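Descriptive analysis of the structure
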Amino acid sequence: VQLQASGGGLVQAGGSLRLSCAASGRTSRNANMAWFRQAPGKEREFVSAISPSGVSTYYADSVKGRFTISRDNAKNAVYLQMNRLKPEDTAVYYCAADRSRAWPSRAYRDYDYWGQGTQVTVSS
């Protein structure tokens, strides 16, 4: 599975962005998909994940109620709608895929495939 993340940019606090992750190669339809982020000097942290069917979604407490993850298996794509952005959301955002587990993991080590990352910068 090859993953390509896009949609990052510079936005003012309170604004919105929508990240997209396009999968190619082996289908991602049976994969748990997730978004992680990494700010300078910090470890990569879990943001959100979605089960293969899209029925089950998971969020970090810091983004719950502001971010929404979704997927379109017909398009082999996953999305992250980010609303009410805060300066502390500034990071490089990565999409990731895991084909081996029954449920999405919050641990980045459990994901085998990664996109290249897209920069999100939120100004105060």
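All values reported here derive from a predicted model rather than from experimental measurement.

Quick word on the overall build of the protein
- For the protein, the helix and strand inventory stands at 0 helices and 11 strands.
- Beginning at the N terminus, the succession of helices and strands in the protein can be written as β-β-β-β-β-β-β-β-β-β-β.
- Against the globule reference of 14 Å for 124 residues, the protein gives a C-alpha radius of gyration of 13 Å, in line with a compact fold.
- Summarising its shape, the C-alpha atoms of the protein cover approximately 40 × 25 × 25 Å along the three principal directions.

Structural notes on the state of the cysteines
- Applying the stated criterion to the full structure yields 1 disulfide.
- Cys-21 shares a disulfide with Cys-95; S-S distance 2.2 Å. An S-S torsion of about 65° defines the bridge between Cys-21 and Cys-95 as right-handed. Of the two residues, Cys-21 sits in strand E3 (residues 17-24) while Cys-95 sits in strand E9 (residues 91-98), which places them 74 residues apart along the sequence. By the burial criterion, Cys-21 is buried, and Cys-95 matches it.

Structural notes on the packing of aromatic side chains
- Under the counting rule described, the total for this entry stands at 5 aromatic pairs.
- Geometrically, the ring pair formed by Phe-36 and Tyr-111 is edge-to-face, given 5.4 Å between the ring centres and 70° between the ring planes. In this pair, Phe-36 sits in strand E4 (residues 32-38) while Tyr-111 sits in the loop between E9 and strand E10 (113-114), placing the two residues 75 residues apart along the sequence. Note on accessibility: Phe-36 and Tyr-111 belong to one class, buried.
- Here the aromatic rings of Tyr-111 and Trp-114 are separated by 6.4 Å at their centres, their planes lie at 70°, and the arrangement is edge-to-face.
- Note on Trp-114: relative accessible area 26%, which makes it partly exposed.
- Lying across the ring of Tyr-79, Arg-18 places its NZ or CZ 4.0 Å from the centre.

About the thresholds
- Residues numbered from 1 in each chain as written.
- Predicted model: local features only at pLDDT ≥ 70, side-chain atom pairs only at ≥ 80, totals over all residues.
- Heavy atoms only, no water.
- Helix = DSSP H or I, 4+ residues; strand = E, 2+ residues; numbered from the N terminus.
- Rg over C-alpha atoms; globule rule 2.2 N^0.38 Å.
- Disulfide = S-S within 2.5 Å.
- Buried < 20%, exposed > 50% of the residue type's maximum accessible area, 1.4 Å probe, protein only.
- Phe/Tyr/Trp six-rings, centres within 6.5 Å; stacked < 30°, edge-to-face > 60°.
- Lys NZ or Arg CZ within 6 Å of the ring centre and 35° of its normal.

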